[in-house]
Structure formats: structure tokens, C-alpha cells
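Observations on the three-dimensional arrangement
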Amino acid sequence: MDFLEKLRQKSESHRRRVAFLITAVFTGVVAFIWLFSLDSIFSEAVAEDRQNVDMPFVKISEVLQNGAKDFAAGVGQLKNLFRSEDVETEDIQNR
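Here's a quick rundown of the structure. Note on numbering: residues in each chain are counted from 1, in written sequence order. Reporting in this predicted model follows two pLDDT cut-offs: at least 70 for local features of residues, and 80 or more for side-chain atom pairs to be given and counted; totals over whole chains, interfaces and linings ignore these cut-offs and use all residues. Values reported for side chains reflect all heavy atoms of the structure, with hydrogen atoms and water molecules removed beforehand.

1. Some thoughts on the overall build of the protein
Think of it this way: any DSSP run of H or I at least four residues long counts as a helix, any run of E at least two long counts as a strand, and we number them from the N terminus. Across its full length, the protein holds three helices and zero strands. When its helices and strands are written in sequence order, the protein yields α-α-α. The buried label goes to any residue with under 20% of its type's maximum accessible area, the exposed label to any with over 50%, and the partly exposed label to all in between, with areas taken from a 1.4 Å probe on protein chains only. Here the protein holds 95 residues, and the buried ones make up 3% of them. Accessible areas in this description were obtained via Shrake-Rupley with a 1.4 Å probe; residue shielding takes into account the shown protein chains only. When the accessible surface of the protein is split by element, carbon and sulfur atoms take 63% of a total near 9100 Å².

Encoded structure:
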């Protein structure tokens, strides 16, 4: 608590410099830990990528095929909807 009391007695510019330095040190520590952890993340990712080289192309083709099937199903549903609307319209007009 002595440090905070002494710091409160200093000028505002001095307090801002101290706050900036503390923030910079804290940010540096977090950045160092983050950078240190990237090595293990990338080494695991590279090992997986070597095993599944063709996997992205397989996934993309699956996504496109599923999208085409879903699109065709949606078009079919729209056709059925419009057919039922046409029948209802004809029924109303014939009354």
C-alpha cells in the first residue's frame, strides 16, 4: 500500500507514465506466453495436416454436394407450394 500512497502524491503525468509502464509490462508478458504457445499449436496442426492432405478438398466437395441437394429440395418445396396455391386460386375462381 505504500507504493500506491506514494504514487497518489506524484503528479498526474508521473502517474500516467507508471500506469503505461505497468500496462506495457503486463501486455509483454501476455504476448510472450501467447507466442510461446504458438509453437506447440502449429506443430500439432502440421502433424494433422500431413496425415489429411486431401481432407479439405473432400470436405469442400461434400459441402457443395449437400448444398446442391438442399437447394434442389427447396426448389421442390417451392414448386409444391405454388401448385397448391394455383389449385386454391382455381377453386376460388370457379366458385
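This is not the end of the story, as more comes after the structure.
2. Remarks on the pattern of salt bridges
Definition used for salt bridges: Asp or Glu carboxyl oxygen within 4 Å of a side-chain nitrogen of Lys or Arg. Throughout the structure, instances matching the rule amount to one salt bridge. The residue glutamate 12 makes a salt bridge to arginine 16 at a minimum N-O spacing of 2.9 Å. Note that glutamate 12 and arginine 16 are positioned in helix H2 (residues 12-51) at a spacing of four residues, about one turn of the helix. Among the residues examined, glutamate 12 registers a relative accessible area of 46% and is labelled partly exposed.

3. Topic: a nonpolar patch on the surface
Together, Val25, Val29, Phe32, Ile33 and Phe36 give the surface a local cluster of nonpolar side chains, amounting to about 570 Å² of exposed area. Position of phenylalanine 36 relative to the elements: it lies in helix H2. Accessibility expressed as a relative area gives 65% for phenylalanine 36, which makes it exposed. Patches draw on residues past 30% relative accessible area with no salt bridge. Two like charges within 9 Å are joined, as are two nonpolar side chains (Val, Leu, Ile, Met, Phe, Trp, Tyr) within 5 Å.

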